[in-house]
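# An overview of the molecular structure
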Amino acid sequence: MGHALGGLAAYLATRGGRKDWALLIASLASALLPDLDFLIGPFAGRSYHHYFTHSLGFAALFFGVAYVLLCRIQRAAPWRDAWVMTGAYLSHIILDLLAKDTSPPFGVQLLWPLSDAFFISPVAVFTDIWRGSLALLFGLHNWTAVGWEVLVLSPLVGLLWWLGRLRAQLE
Ligand SMILES: [Zn+2]
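Quick look at the structure, then. (Residues numbered from 1 in each chain as written. Predicted model: local features only at pLDDT ≥ 70, side-chain atom pairs only at ≥ 80, totals over all residues.)

### Topic: the overall build of the chain
What counts here: Numbered from the N terminus, helices here are DSSP runs of H or I no shorter than four residues, and strands are runs of E no shorter than two. The exposure label follows from counting other C-beta atoms within 10 Å of a residue's C-beta, where the C-beta atoms are placed from the backbone and the thresholds are 20 or more for buried and 12 or fewer for exposed, leaving partly exposed in between. Working definition of a contact: two residues with C-beta atoms, positioned from the backbone, lying within 7 Å.
Of the regular secondary structure elements, the chain holds seven helices and zero strands. Considered along the principal axes of its C-alpha atoms, the chain spans approximately 50 × 35 × 30 Å. Within the chain, buried positions represent 27% of all 171 residues. Look at the contacts in the chain between residues 6 or more apart in sequence, and 61% of them connect residues 24 or more apart.

Written out as structure tokens, the structure is:
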């Protein structure tokens, strides 16, 4: 939930006043994409969450791939669209940096491939999501966690939306 709101915030902050549903959906998908690293886990025989897909290096790679794909489908402004999608991708990494992490390694592999070190904010703004079982997944802790994410991120999304409207009116 937090990641979808982060993607929405990034889209609103970087799209430049235009409404673009395809780009919005691509931005939301980009904001969720880093967590696909958990799919590597079953193959590697261990948990693979918050690894190299949560890095600035991978975000740069993502920008390149997005740019090439956007050129392929002949979008009018592939450079700008790739930047919007990369902003959404980066918002995921920032939110994970700010979230509580209860299982080692703590944080995200921010500087991969330059460094394998994990980074995390000394102050956790968001709490973790409990997985484990369905009861935990839909338990009170997670509802509180998601409620807090919405509470913190909604004003940001609202502000960015309002600024975008203002800008559109001025143009
Ligand atoms: Zn993540």
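The rest of the description comes next.
### Quick notes on the nonpolar core
Filter applied, for reference: By convention the nonpolar core is taken to be a set of buried residues drawn from Ala, Val, Leu, Ile, Met, Phe, Trp, Tyr and Cys and joined through C-beta atoms within 7 Å.
With 20 residues, the main nonpolar core has Leu8, Ala9, Tyr11, Met85 and Ala88 as its most contacted residues. Elements represented by at least two residues in this core include exactly α1 (2-14), α2 (21-32), α4 (56-72) and α5 (78-97). Ranked by residue count, the leading element in this core is α1, at six residues. Those residues in contact with Met85, other than ones at most four positions away along the chain, are Ala26, Ser27, Ser30 and Ala66.

### Describing α2
Spelled out, the test is: Expected span of a helix, by definition, is 1.5 Å for each gap between consecutive residues, and there is one gap fewer than residues.
A rise of 1.5 Å per residue sets the reference length of α2, with its twelve residues, at 16 Å; its end C-alpha atoms lie 17 Å apart and thus fit the reference within 8%. Contacts from the buried residues of α2 go to α1 and α5.

### Structural notes on α4
Applicable threshold: Directions pointing from the helix axis toward each C-beta atom define the arc.
Given a rise of 1.5 Å per residue, 17 residues ought to cover 24 Å, and the 24 Å separating the end C-alpha atoms of α4 matches this to within 8%. Within α4 the residues assigned to the buried category are Phe58, Phe62, Ala66 and Leu70. On an axial view of α4, the arc spanned by its buried residues comes to 105°, and they lie on one face. The outward face of α4, more than 90 degrees from its buried face, is lined by the exposed residues Ala60, Gly64, Val68 and Arg72.

### Focus on the environment of Ala44
Secondary-structure assignment places Ala44 in helix α3 (residues 41-44). Linking Ala44 and Asp81, residues 37 residues apart in sequence, is a C-alpha distance of 34 Å.

### Notes on the packing of α1 against α5
Our working rule: Note on definitions: angles span 0 to 180 degrees between N-to-C directions of axes, and those axes are lines fitted to C-alpha atoms, for helices only across the stretch in contact. Should an angle fall under 35 degrees it is called roughly parallel, over 145 degrees roughly antiparallel, and 65 to 115 degrees roughly perpendicular, with every other angle called oblique. Crossing handedness is read from the near helix: turned anticlockwise from the far helix by less than a right angle, it gives a left-handed crossing, and turned clockwise, a right-handed one.
Running from N to C, α1 and α5 cross one another at 140°; their axes reach a closest spacing of 8 Å. Comparing the axis directions of α1 and α5 gives the class oblique. Our pair here, α1 against α5, has a crossing hand that is right-handed. Residues Gly2, His3, Gly6, Gly7, Ala9, Ala10, Tyr11, Ala13 and Thr14 of α1 form the contact with α5, whose participating residues are Trp83, Val84, Gly87, Ala88, Ser91, His92 and Leu95.

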